[in-house]
Amino acid sequence: MKHELEIEFKNLLTKEEYLQLKDYHFSKSDSEFSQKNVYFDTAAFDLKQSKCALRIRLKDAQGELTLKTPFEGHHHETTIDFAPHKAEEMIAHGRFTLPSELYEFLADKIGLVDQNVNKLAELTTVRYEKDYKDCLLVLDKSSYSNTTDYEIELESNSIETGKEVFDSILKAFAIPKRKTPNKIARAFAAQSEL
């Protein structure tokens, strides 16, 4: 099990802004990769109500279960690696029992009682990543529930550096700051509208 503090800045983009940033920051030789995110919650939406998110991610023949919990305006991530076939089985079944270490953490943190979670929504993301000014610059094109959206993310080890670098990118491309719900919220909202 891995633990990490995720300091991340994000902004939704128009398709045109996404293409400008991609052309400027990523060369044709930079490889894109695809990842599938499937989100889960209890029947009573206990995680959503506590601003937590639980996902299974499949990428590069790897599977991982990640719990995101809020921490000072950012997120703390707890990740358990799985063999891809095990992750695919969990997704195909559409529900599973939380591993004991995650359940115990959530029982203590938010008073979670229900150890069973159900599939809420899924999305597939085509992603570009690169190191940029001591940060990780990410461009995402996500598809879910007949919707496609575009997003820039910047991950940093410090809030100050991340904010400065992120703001400078938006300013250089005249991109307005937009309210950017996280991927689980966007995928869940789109799924609810179907």
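In what follows, the accompanying structure is described. (Residues numbered from 1 in each chain as written. Predicted model: local features only at pLDDT ≥ 70, side-chain atom pairs only at ≥ 80, totals over all residues. Heavy atoms only, no water.)

This part takes up the overall build of the chain. Assigned secondary structure in the chain consists of six helices and nine strands. C-alpha extents for the chain along the principal axes are approximately 50 × 35 × 30 Å. By residue count, 45% of the 194 residues in the chain fall in the buried class. In the chain, the share of contacts with a sequence separation of at least 24, taken over all contacts with a separation of at least 6, comes to 61%. Of the accessible surface of the chain, which amounts to about 10400 Å², a share of 49% is contributed by carbon and sulfur atoms. One way to put it: in the chain the 27 positive side-chain charges average out to a point 5 Å from where the 34 negative ones average out. (Helix = DSSP H or I, 4+ residues; strand = E, 2+ residues; numbered from the N terminus. Buried < 20%, exposed > 50% of the residue type's maximum accessible area, 1.4 Å probe, protein only. Contact = heavy atoms within 4.5 Å. Areas by Shrake-Rupley, 256 points an atom, 1.4 Å probe, with all protein chains shown as cover. Lys, Arg positive; Asp, Glu negative; His and termini not counted. Charge placed at Lys NZ, Arg CZ, Asp CG, Glu CD.)

In this section: the packing of aromatic side chains. If you walk through the whole model with that rule in mind, you get six aromatic pairs. Ring geometry for Tyr 18 against Tyr 150: centres 4.9 Å apart, planes inclined by 45°, an arrangement best described as tilted. Remark: Tyr 150 occurs in strand 9 (residues 147-156) and Tyr 18 occurs in helix 1 (residues 15-25); sequence separation between them is 132 residues. Residue Tyr 18 shares its accessibility class with Tyr 150, and that shared class is buried. The side chain of Lys 130 reaches across the aromatic face of Phe 26, ending 5.8 Å from its centre. (Phe/Tyr/Trp six-rings, centres within 6.5 Å; stacked < 30°, edge-to-face > 60°. Lys NZ or Arg CZ within 6 Å of the ring centre and 35° of its normal.)

Below, the discussion takes up helix 5 (residues 159-172). Given 3.6 residues to a turn, an α-helix orients residues that are three or four positions apart in the same direction. With 14 residues, helix 5 should cover 20 Å at 1.5 Å per step; its first-to-last C-alpha distance of 20 Å lies within 8% of that length. Listing the buried residues of helix 5 in full gives Gly 162, Val 165, Phe 166, Ile 169 and Leu 170. Each buried residue of helix 5 sits inside an arc of 135° when the element is viewed along its axis, so together they form one side. Relative to its buried face, helix 5 has exposed residues pointing more than 90 degrees away, namely Glu 160, Glu 164, Lys 171 and Ala 172. Where helix 5 is buried, its residues contact strand 1 (2-13), helix 1, strand 7 (116-132), strand 8 (135-144) and strand 9. Trailing helix 5 by a residue or two, Ala 174 shows a phi angle of about 55°, which is positive. (Expected span 1.5 Å × (residues − 1). Arc of directions from axis to C-beta.)

Along the chain, Arg 55 turns up in strand 3 (residues 53-59). Buried Arg 55, no salt bridge; nearest opposite-charge side chain is Glu 64, N-O distance 4.1 Å. Not counting chain neighbours up to four residues away, the residues in contact with Arg 55 comprise Asn 37, Val 38, Tyr 39, Glu 64, Leu 65, Thr 66, Lys 68 and Glu 77. (Salt bridge = Lys/Arg side-chain N within 4 Å of Asp/Glu carboxyl O.)

Moving on: the nonpolar core. Grouped together as the largest cluster of nonpolar side chains are 20 residues, with contacts concentrated most on Phe 40, Leu 54, Ile 56, Leu 65, Phe 96, Leu 98 and Leu 106. Leu 54 has contacts with Val 38, Tyr 39, Phe 40, Leu 47, Leu 65, Thr 66, Leu 67, Phe 96, Leu 98, Leu 102 and Val 117, leaving out every residue within four places of it along the chain. Ile 7, Leu 21, Phe 26 and Tyr 128 belong to the second-largest nonpolar core, a separate cluster that totals 19 residues. (Core = buried A, V, L, I, M, F, W, Y, C linked by side-chain atoms within 4.5 Å.)

Worth remembering: the numbers are spatial, not functional.
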